[in-house]
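Observations on the three-dimensional arrangement
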Amino acid sequence: MDTTFYLKGNTLIACLSGEIDHHIAEKIRNDIDDEIRLYGTKNLILDFSKVTFMDSSGVGVVLGRYKKLKEIGGKVTVRNAGRLVKQILELSGVFSLMDYEETEGDNGK
């Protein structure tokens, strides 16, 4: 699992890959939080285009970043989730809290 980060204006784009489960969720959470602190961004896009599997730990990562950024007036957007990952996010109610978008393979660049 590698997370690649891009900065676009005051939005941090985190391109996630591989499997997101309880073994890797804390690392992803820490990496994203470190980048948010480093750049002082208020907005986050989580790009799931390269994620092959996600369990409830991944949902926790998403919701935790939502809560953290909402407290400072920012927002989180989920992007490009595959069918199964998107279904997990829908069933967990994530999309009642944040936006979802599809893009044409630009990974936020």
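This section reports on the structure supplied with the text. Everything numeric in this text was worked out from a predicted model, so none of it was measured.

Overview of the sheet that holds strand 2 (residues 11–20)
Taken together, 5 strands build an open sheet; the order of strands is 1-2-3-4-5 and the sheet is mixed. Strand pairing shows two members of the sheet lacking a second neighbour, strand 1 (4–8) and strand 5 (99–101), which therefore form its edges. Direction aside, neighbouring strands of the sheet carry axes that sit 25° apart on average. As paired elements, strand 2 and strand 3 (residues 43–54) share 9 bridges and run parallel to each other. Residue pairing in the sheet places glycine 18 in a bridge with valine 51 of strand 3. Contacts between helix 1 (residues 25–39) and the sheet are confined to strand 1, strand 2 and strand 3, with strand 2 contributing the most and set at about 170° to the helix.

Quick look at the pairing of strand 2
Of all the 10 residues making up strand 2, 8 are buried; the element is thus mostly covered by neighbouring parts of the structure. The loop that links strand 1 with its antiparallel partner strand 2 comprises 2 residues; one of these, glycine 9, has a positive phi angle of about 65°. Once the chain exits strand 2 it traverses helix 1 before rejoining the sheet at strand 3, and the crossover so formed is right-handed.

Structural notes on the packing of aromatic side chains
Under the definition given, this model contains 1 aromatic pair. Arranged with centres 5.2 Å apart and planes meeting at 65°, the rings of phenylalanine 95 and tyrosine 100 form a pair that is edge-to-face.

Structural notes on the nonpolar core
Ranked by size, the top nonpolar core spans 26 residues in total, and within it Ile32, Leu44, Leu46, Phe48, Met54, Val62 and Leu89 carry the most contacts. When contributions to this core are tallied by element, the ones reaching two or more residues are strand 2, helix 1, strand 3, helix 2 (56–70), strand 4 (75–79) and helix 3 (83–91). Other than its neighbours up to four places away in sequence, isoleucine 32 contacts Phe5, Leu12, Ala14, Leu44, Leu46, Val61 and Arg65.

Notes on the pairing of strand 1
Pairing of strand 1 with strand 2, which is carried by 5 bridges, proceeds in the antiparallel orientation. Among the inter-strand pairings, leucine 7 is bridged to a residue of strand 2, identified as leucine 12.

Regarding the pattern of salt bridges
Applying the stated criterion across every chain yields a total of 6 salt bridges. Residue arginine 65 pairs with aspartate 33 through a salt bridge whose shortest N-O separation is 2.7 Å. Residue arginine 65 is found in helix 2, and its partner aspartate 33 is found in helix 1; the two are separated by 32 residues along the sequence. The exposure class of aspartate 33 is buried, given its relative accessible area of 8%. With its nearest N and O atoms 3.7 Å apart, the salt bridge here joins lysine 75 to aspartate 99. Here lysine 75, found in strand 4, pairs with aspartate 99, found in strand 5; they are 24 residues apart in sequence, far enough to count as distant. Here the salt bridges share partners, and the residues they tie into one network are Asp33, Arg65 and Lys68.

Definitions and limits used
Residues numbered from 1 in each chain as written. Predicted model: local features only at pLDDT ≥ 70, side-chain atom pairs only at ≥ 80, totals over all residues. Heavy atoms only, no water. Pairing = 2+ DSSP bridges. Helix = DSSP H or I, 4+ residues; strand = E, 2+ residues; numbered from the N terminus. Axes fitted to C-alpha atoms, helices over the stretch in contact; angles between N-to-C directions. Contact = heavy atoms within 4.5 Å. Buried < 20%, exposed > 50% of the residue type's maximum accessible area, 1.4 Å probe, protein only. Right-handed = clockwise from strand over helix to strand, strands pointing away. Phe/Tyr/Trp six-rings, centres within 6.5 Å; stacked < 30°, edge-to-face > 60°. Core = buried A, V, L, I, M, F, W, Y, C linked by side-chain atoms within 4.5 Å. Salt bridge = Lys/Arg side-chain N within 4 Å of Asp/Glu carboxyl O.

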